[in-house]
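# Structural description and commentary
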Amino acid sequence: MHQERQLVWQQIVAQTSKEYSVLPPAEKDWIETQLRRLEELQLRLNQLFETADGSQACGACQGDCCAKGHNHMTLANLLGFLQQGDAPPVADFSLTCPFLGGRGCMLVVERRPYNCISFVCDIIEKPLTSADVAGFYRLEKQLRVIYQAFADRYRGGSLTGLLLQHDRLNGHGFLQRKTDVAGE
């Protein structure tokens, strides 16, 4: 199972990289604009997470909420790497989350999946002020809009992860515009 996921993941990265490389400049500009806003919001959410000493709390539980993380990396997250000419960290699908290393998450905050950046457990939420909690959920709502914009635009876009999307695409491209397949 782990090796199968690893192979599918490598195919997804290669396919999406190839699709991204041939996008017209206007489409790459749209992606860049969305990713810039996404990254800004994720950094702001992380500031609130750090205010609650979230890194310490997550280190103590060793990522219990990271279970099943192999389904979290979305098209928007992968595009964050590709747009910068980077590759995501090497995934290890034998772990509960393929991007969870010995020192925590191997993904920079700006490229963490929506589920990972927007989830706060009660241990993290408790030390936040009511204004911080309200601010967190306000930012989360704005972030969801951006992820949804990718889902509305591309066949491979979704709040669910790329491995799940791969199974649903039936061979179609991750970056195929939904307007290109109207009537299907």
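Above this text you will find the structure in question.
Residues numbered from 1 in each chain as written. Predicted model: local features only at pLDDT ≥ 70, side-chain atom pairs only at ≥ 80, totals over all residues. Heavy atoms only, no water.

### Here's the deal with the pattern of salt bridges
With the rule as written, the count across this model stands at six salt bridges. Of the charged contacts in the structure, one is a salt bridge between R153 and E27, with a shortest N-O distance of 2.7 Å. Of this pair, R153 sits in helix α7 (residues 130-153) while E27 is found in helix α2 (residues 25-51), placing the two residues 126 residues apart along the sequence. Among the ionic pairs, E40 bridges to R37, the shortest N-O distance being 2.5 Å. On the criterion of helical spacing, the pair formed by E40 and R37 is a turn pair, its members being three residues apart in helix α2. Taken together, the shared-partner salt bridges in this structure form one network comprising E27, R153 and R177. (Salt bridge = Lys/Arg side-chain N within 4 Å of Asp/Glu carboxyl O. Helix = DSSP H or I, 4+ residues; strand = E, 2+ residues; numbered from the N terminus.)

### Remarks on the packing of aromatic side chains
Under the defined criterion, the tally for this structure stands at seven aromatic pairs. With centroids separated by 5.1 Å and ring planes inclined at 65°, the aromatic side chains of W30 and F150 adopt a geometry described as edge-to-face. Here W30 is found in helix α2, whereas its partner F150 is found in helix α7, with 120 residues between them in sequence. You can call F150 buried: its relative accessible area is 1%. Ring centres of W30 and Y154 lie 5.9 Å apart, and the angle between their planes is 75°; on these two criteria the pair is classed as edge-to-face. (Phe/Tyr/Trp six-rings, centres within 6.5 Å; stacked < 30°, edge-to-face > 60°. Buried < 20%, exposed > 50% of the residue type's maximum accessible area, 1.4 Å probe, protein only.)

### Here's the deal with the packing of helix α1 (residues 2-21) against helix α8 (residues 162-169)
The N-to-C vectors of α1 and α8 enclose an angle of 80°; their axes lie 10 Å apart at closest approach. Classified by the angle between their axes, α1 and α8 sit roughly perpendicular to one another. Residues R5, V8, W9, Q11 and I12 of α1 form the contact with α8, whose participating residues are L162, L163 and H166. Looking at side-chain class alone, the contact of α1 with α8 contains five nonpolar, two polar and one charged residues. (Axes fitted to C-alpha atoms, helices over the stretch in contact; angles between N-to-C directions. Parallel < 35°, antiparallel > 145°, perpendicular 65-115°, else oblique. Contact = heavy atoms within 4.5 Å. Nonpolar A, V, L, I, M, F, W, Y, C, P; charged D, E, K, R; others polar.)

### Some details on the nonpolar core
Formed by 48 residues in total, the largest nonpolar core has its most connected members in W9, I12, I31, L79, L143, F150 and L162. Put simply, the parts of the chain that give this core at least two residues each are α1, α2, α4 (75-83), α5 (114-118), α7 and α8. Setting aside residues up to four positions removed in sequence, I12 forms contacts with L78, L162, L163, H166 and F174. (Core = buried A, V, L, I, M, F, W, Y, C linked by side-chain atoms within 4.5 Å.)

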